[in-house]
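# Examination of the molecular architecture
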Amino acid sequence: MTLRPSVISRSSLRFMSKVLNAFSPDFSDLAPSEVIRRAERVEREWDFADCADTDVASPARFLNLRYGDGIFLCCRCSHENSLLHIQGPFPLRHLNCGQCDHILCGSCHSTEILTPASQADPSAASQRSDATDRLLRNCRVCPQCGLSHRTDARGDCALEICQCGCPVKLGSHYHIGSVEQWQRDPIASAQNLRDRRREELLDKAVKQHRRYGYIPS
Ligand SMILES: [Zn+2]
Ligand SMILES: [Zn+2]
Ligand SMILES: [Zn+2]
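Notes on the structure in this doc start here. Since the model is a prediction, treat every value here as computed from it, not as a measurement. (Residues numbered from 1 in each chain as written. Chains lettered and ligands numbered in written order. Predicted model: local features only at pLDDT ≥ 70, side-chain atom pairs only at ≥ 80, totals over all residues.)

### Observations concerning the overall build of the protein chain
Helix and strand counts for the protein chain stand at five helices and seven strands. When the elements of the protein chain are put in sequence order from the N terminus, they spell out α-α-β-β-β-β-α-β-β-β-α-α. The burial tally for the protein chain puts 32% of its 217 residues in the buried class. Long-range pairs, those at least 24 residues apart, make up 65% of the contacts in the protein chain with a sequence separation of at least 6. (Helix = DSSP H or I, 4+ residues; strand = E, 2+ residues; numbered from the N terminus. Buried ≥ 20, exposed ≤ 12 C-beta atoms within 10 Å, placed from the backbone. Contact = placed C-beta atoms within 7 Å.)

### Considerations on the pairing of strand β6 (residues 148-151)
The alternating pattern of β6 places Ser148 and Arg150 on one face and His149 and Thr151 on the opposite face, and all of these are buried. The pairing of strand β5 (residues 138-141) with β6 spans four bridges and is classified as antiparallel. Considered in β6, the bridge of Asn138 is made with Thr151. Between the antiparallel neighbours β5 and β6 lie six residues, among them Gly146 with a positive phi of about 85°. (Pairing = 2+ DSSP bridges.)

### Remarks on the nonpolar core
Among the nonpolar cores identified, the biggest contains 34 residues, and Phe72, Leu83, Leu95, Leu104, Ile113, Leu114 and Val141 are the most heavily contacted of them. Those elements that provide at least two residues to this core are α2 (32-38), β1 (70-73) and β5. Of all the elements, β1 adds the most residues to this core, at three residues. For Val141, the contacting residues outside a window of four places in its chain are Leu95, Leu104, Gly146, Ser148, Gly171, Ser172 and Tyr174. (Core = buried A, V, L, I, M, F, W, Y, C linked by C-beta atoms within 7 Å.)

### Remarks on the sheet that holds strand β3 (residues 109-110)
Pairing between the strands of a sheet comes from backbone hydrogen bonds, and it takes one of two forms, parallel or antiparallel. Ordered in space as β2-β1-β3, the three strands form an open sheet in which the pairing is antiparallel. Each end of this open sheet is capped by a strand with a single partner; those strands are β2 (80-83) and β3. This element, helix α5 (residues 186-212), spans β1, β2 and β3 of the sheet and lies at about 20° to β1. (Axes fitted to C-alpha atoms, helices over the stretch in contact; angles between N-to-C directions.)

### A word on unusual backbone geometry
Despite not being glycine, Ser78 shows a phi value in the positive range, around 70°. Positionally, Ser78 belongs in the loop between β1 and β2. Not every positive phi belongs to a glycine, and Asp101 is a case in point at roughly 70°. Relative to the assigned elements, Asp101 resides in the loop between β2 and β3.

### Examining the pairing of strand β7 (residues 172-175)
Pairing analysis gives two bridges linking strand β4 (residues 115-116) to β7, with the strands arranged antiparallel. From the neighbouring strand, Pro116 faces β7, where its bridge partner is Tyr174.

### A look at the sheet that holds β6
Taken in spatial order, the four strands make up an open sheet running β4-β7-β5-β6, and their pairing is antiparallel. On the outer flanks of this sheet lie β4 and β6, each paired with one strand and no other.

So, in structure tokens, the structure goes:
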């Protein structure tokens, strides 16, 4: 694997605008929904052959799963929402739960494609050598409407204000991670996420029990 310097280290607002425009030349004239509709998928599509080295017994097990680039688990209703990385300024479209409309927040869990920036490994991000490393692989999620905005590694965005009027910088900052692990075994990745959520809820309940003497329902 050849190591190339990441574009992230050269980030500036002018450079970012150039990158964003390279993928959507006239995006500024279009509504975000139209930009999203026209944008192409960034990551390689999932192929059952990718799972050949796992203990997956049959492709039939996958029929009911929606194959995006990962999922986020809603902290409010536990619904599993499919994530899709697309080109352009709104890399993960709207991040509202499909069941209860909750906007992805710090308590929701997501697979590697949406890694909280505080947990991202900067060296892994700078070593990506596939074609997608030309894109800035970071975003902020608008806390008011759920629209994701592509940013540089520091969380700065070409657009300062979201379509809903909320300043983009108020949104939580995420690294757009690799889909490799997800594609290798989506079932195990989804299960890991559920286990993590269960452990955290249990941990919280134990702490509350210690503090208040009971476990809230
Ligand atoms: Zn939900
Ligand atoms: Zn949440
Ligand atoms: Zn917004």
